[in-house]
Structures are given as structure tokens and as C-alpha cells.
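Remarks on the overall topology
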Amino acid sequence: MTDSSPPEIFGRALRRRRRDRAARNYAAHDFLRRHMLEGICERLDAVKREFRDVLDLGSFDGSFALAGARITRLDAGARFAGAGVQGDEDQPHFPDASFDLVVSAGVLDSVNDVPGALVLANRALKPDGLFLAAFAGAGTLSTLRSVLIEAEADRPAARFHPQIDVRSAGDLLSRAGFALPVADTETLTVRYSSLFGLLGDLRGMAATNLLKGTPPLTRGTLARAAAAFAERADPDGKTAERFEIVYLTGWAPDPSQPKPARRGSATASLAEALKARD
């Protein structure tokens, strides 16, 4: 009998440790997740209904709030989980049909089994429940990637997570069984005075490399990468880094929902998908 589970490319124990480390000073580096939550809340505001039972999947510091809702929080890190549930997003933790809203900001890009995590989120939703998520997708950290490849030209190491593009994200939503799936993206550009400012933010938001078996950066590699980063600076001395944020919207199936024009389509209007359940 063969094991059909996907290979685990991220170290689960390492991920927990990195999140516990980041919890100490997370507020100083949380700009990316704050931006994601703003996008999620904008989409949530377009839905004219109340949500009472909410799951915050990958809760970080518990900053997501919704008036009048009971929010259950899950995080892989013990410090972030606090009084909530500590666990991985791609492993079952809740009975089926427990929530009418599941939100997830900033974690799906570092989950071993993303399709499995989406299936579990769908199962945790009550019929006609809403799933809203955001994560760093394909194209994120393109500057850092290029300077590290340049710095390790002779023998580059695998230091970057596989990234999901917006089209693939929409397909994953459909395959996980969500109705009215929509995936869209936006670019956030952040400018840094040095490579070490960027690396400090990544460390502080628990977004450093989690791949198994990656060798540590040497001082020589860091020095060459820092020089290459500085060479890419604008006239004011700052270098731009890009974060591509993928947003996901999907509904737990219910007979009352409009039927999609064709199976597997993730190109429906975002506004129409959100307003469909007003």
C-alpha cells in the first residue's frame, strides 16, 4: 500500500520555532499581514450578512477582529496560538460545519499540503459559509531571489519556497470543492535601505526559509548579496522589493447558491461573487 500524502518540503518543527521567535516582536514587522487583513476586511465588508462563528486560520498575534463574532484562533506557534489551538493548517482540528466564516492571512504559502488545508477549511464551514484568504504568491521577493542567485552563482542553494500563482490558486479553490471561487492578486512594493532591513523584516514576520536541508548563508554570500542589493538601489539609495499578494474567496456549497457558468472557473467577477450571498 502506497502513501498518497504529499511530500513534506517544510519542516513543521522549524516552522513552529520560527513563529515562536517572531512572536516576541511581531508588531514591528507585521506590515504584510496587516495589508492582507485590510484586503480581507474590504471583501468582507461587501458581504451584507452577519458571521457569528469564525475561524482565524493562522492567527499570528490575533489582530483579526469582527464585531459580534466568536473567533477561534489556530496557529502553528505556541506563542501565537496562546489560549487558542496550536496546530498546522493542513491537519484536521475541528468538526465539520463548525464555522460560518474562515479567514486566513499570511500562512498558506508555508503549508506543506495546501490542497489539504483548503479541503479542511471547506469542511469546517457550515453550508453557504465564506472562506477568505490571502498569502504571498508567485513573484514575491523577486529582488532577494536575484541577488542571492548572483551571490551563489557557482553553487546556488534552494532557498525559496515554491510559490503559487493566481491561476493555480483559483484552480486549488475549485478542486477543494468551494463554490463561486475567485482568486485575484495585488502587488505591494516596499523599499529598503539595505538587504539587512529586508532580512530583518522576513525574520520578524516568520517568513524566512523553512525548506528542509537548506545550508545556512555564509558571511561571504551575505556580503555579495548585500552589494548586489545596493547596486539595484534607486537614486535615493533604497532598493524596491515586491510582495505579490494572492486573495482567495470561496463559499461552502449550498443548494441556494447561483450555479457557475462552467466547472472550474475562477475568473468570475469578485464583486459578483461577494454580492451573490447578500
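We now turn to the structure provided with this report. Because the structure is predicted, anything quoted here is derived from the model rather than measured.

A few words on the packing of helix H5 (residues 142-151) against helix H8 (residues 219-231). Packing of H5 against H8 brings their axes to within 8 Å, and their N-to-C directions diverge by 130 degrees. With respect to H8, the element H5 is oriented oblique. Every pair of crossing elements has a handedness; the one defined by H5 and H8 is right-handed. Along the contact surface, H5 presents Thr-143, Val-147, Leu-148, Glu-150 and Ala-151, while H8 presents Thr-221, Arg-224, Ala-225, Ala-228, Phe-229 and Glu-231. Broken down by class, the residue content of the contact of H5 with H8 amounts to six nonpolar, two polar and three charged.

To continue, consider the pattern of salt bridges. Inspection of every chain in the model, using the stated rule, returns 21 salt bridges. The partner of Arg-34 in a salt bridge is Asp-30, with the nearest N and O atoms 2.8 Å apart. The exposure class of Arg-34 is partly exposed, given its relative accessible area of 43%. Here Asp-30 falls in the buried class, since its relative accessible area comes to 10%. A salt bridge links Asp-53 to Arg-70; the nearest nitrogen and oxygen atoms lie 2.8 Å apart. Remark: Arg-70 occurs in strand E2 (residues 70-75) and Asp-53 occurs in strand E1 (residues 53-57); sequence separation between them is 17 residues.

As a further point, take the packing of aromatic side chains. Counted according to the given criterion, the structure contains six aromatic pairs. Aromatic pair Phe-31 and Phe-243: ring centres 5.8 Å apart, planes at 80 degrees, arrangement edge-to-face. In this pair, Phe-31 is assigned in helix H2 (residues 31-45) and Phe-243 in strand E7 (residues 239-251), connecting sequence segments 212 residues apart. Here the two residues Phe-31 and Phe-243 agree in accessibility, since each one is buried. Residues Phe-94 and Phe-99 carry aromatic rings whose centres are separated by 5.3 Å and whose planes lie at 85 degrees to one another, so their mutual orientation is edge-to-face. Its relative accessible area of 22% is what places Phe-94 among the partly exposed residues.

Under the criterion given, the structure shown has one cavity of 30 Å³ or more. Considering only enclosed or pocket space, the largest cavity measures out at about 40 Å³ in volume. Taken together, Phe-10, Gly-11, Arg-12, Arg-15, Asp-88, Asp-90, Ser-110 and Asn-112 make up the full set of residues lining the largest cavity.

What follows covers unusual backbone geometry. For Asp-128, which is not glycine, the phi dihedral falls at a positive 70 degrees. Structurally, the position occupied by Asp-128 is in strand E5 (residues 125-136). Taking relative accessible area as the criterion, Asp-128 reaches 11% and is therefore assigned buried. Positive phi outside glycine occurs at Leu-141, with the angle close to 60 degrees. On the secondary structure map, Leu-141 appears in the loop between E5 and H5. Look at Leu-141 and you get buried, because its relative accessible area is 11%.

Now for the packing of helix H7 (residues 195-204) against H8. Contact geometry of H7 with H8 gives a least axis separation of 9 Å together with a crossing angle of 110 degrees. Taken together, the axis directions place H7 and H8 in an arrangement best described as roughly perpendicular. Facing Leu-195, Phe-196, Leu-198 and Leu-199 of H7, the residues of H8 in contact are Leu-222, Ala-225, Ala-226 and Phe-229. The residue inventory of the contact of H7 with H8, partitioned by class, reads eight nonpolar, no polar and no charged.

Pairing within the open sheet is mixed, and its seven strands lie in the order E3-E2-E1-E4-E5-E7-E6. In the strand order of this sheet, the two ends are held by strand E3 (85-86) and strand E6 (179-192), each with one partner. In terms of strand pairing, E1 meets E2 through five bridges, oriented parallel. Bridge assignment links Asp-56 to a residue of E2, and that residue is Arg-73.

What follows deals with H8. The end-to-end C-alpha distance of H8 is 18 Å, a good match for the 18 Å that 13 residues give at a rise of 1.5 Å each. Residues of H8 that are buried include every one of Thr-221, Ala-225, Ala-226, Ala-228 and Phe-229, and no others. The arc enclosing the buried residues of H8, seen along the axis, measures out at 165 degrees, which places them on a common side. Exposed residues lying more than 90 degrees from the buried face of H8 are Arg-219, Ala-230 and Glu-231. Against H5, E6, H7 and E7 lie the buried residues of H8.

So, how was this worked out
- The residue numbering used here restarts from 1 in each chain and proceeds along that chain's sequence as written.
- Note on the predicted model: pLDDT of at least 70 is required for a residue's local features to be given, and 80 or more for side-chain atom pairs to be given and counted; whole-chain, interface and lining totals, by contrast, use all residues.
- No hydrogens and no water enter the side-chain calculation; it runs on all heavy atoms of the structure.
- Only the stretch in contact is used when fitting a helix axis, every axis being a line fitted to C-alpha atoms; angles between N-to-C directions are given from 0 to 180 degrees.
- To qualify as a helix, a DSSP run of H or I must reach at least 4 residues; to qualify as a strand, a run of E must reach at least 2; elements of each kind are numbered from the N terminus.
- Relative orientations are named as follows: roughly parallel for angles under 35 degrees, roughly antiparallel for angles over 145 degrees, roughly perpendicular for angles from 65 to 115 degrees, and oblique for any other angle.
- Each helix crossing is assigned a hand: it is left-handed if the near helix lies turned anticlockwise from the far helix by less than a right angle, otherwise right-handed if that turn is clockwise.
- Contact between two residues is taken to exist if any of their heavy atoms lie within 4.5 Å; hydrogens are not considered.
- Under the convention adopted here, Pro, Cys and the residues Ala, Val, Leu, Ile, Met, Phe, Trp and Tyr are nonpolar, Asp, Glu, Lys and Arg are charged, and Gly plus all remaining residues are polar.
- Note on definitions: salt bridges are taken to be side-chain nitrogens of Lys or Arg within 4 Å of carboxyl oxygens of Asp or Glu.
- Remark: exposure states derive from per-residue accessible area (1.4 Å probe, protein chains only) relative to the maximum for the residue type, with buried under 20%, exposed over 50%, and partly exposed in between.
- When two rings of Phe, Tyr or Trp (its six-membered ring) have centres within 6.5 Å they constitute a pair, described as stacked for plane angles under 30 degrees, edge-to-face for angles over 60, and tilted for the intermediate range.
- For each structure, a 1 Å grid was placed over the protein atoms alone; sets of points admitting a 1.4 Å probe that cannot get out are labelled cavities, open sets with protein on both sides within 12 Å along at least five of seven lines are labelled pockets, and lining residues have an atom within 4 Å of a point.
- Grid points are joined across faces, edges and corners, and a volume is the space filled by probe spheres set on the points.
- At least two bridges found by DSSP between two strands are what make those strands a pair.
- To estimate how far a helix should extend, the number of its residues minus one is multiplied by 1.5 Å.
- Each C-beta atom gives one direction from the helix axis, and the arc is the one those directions make.

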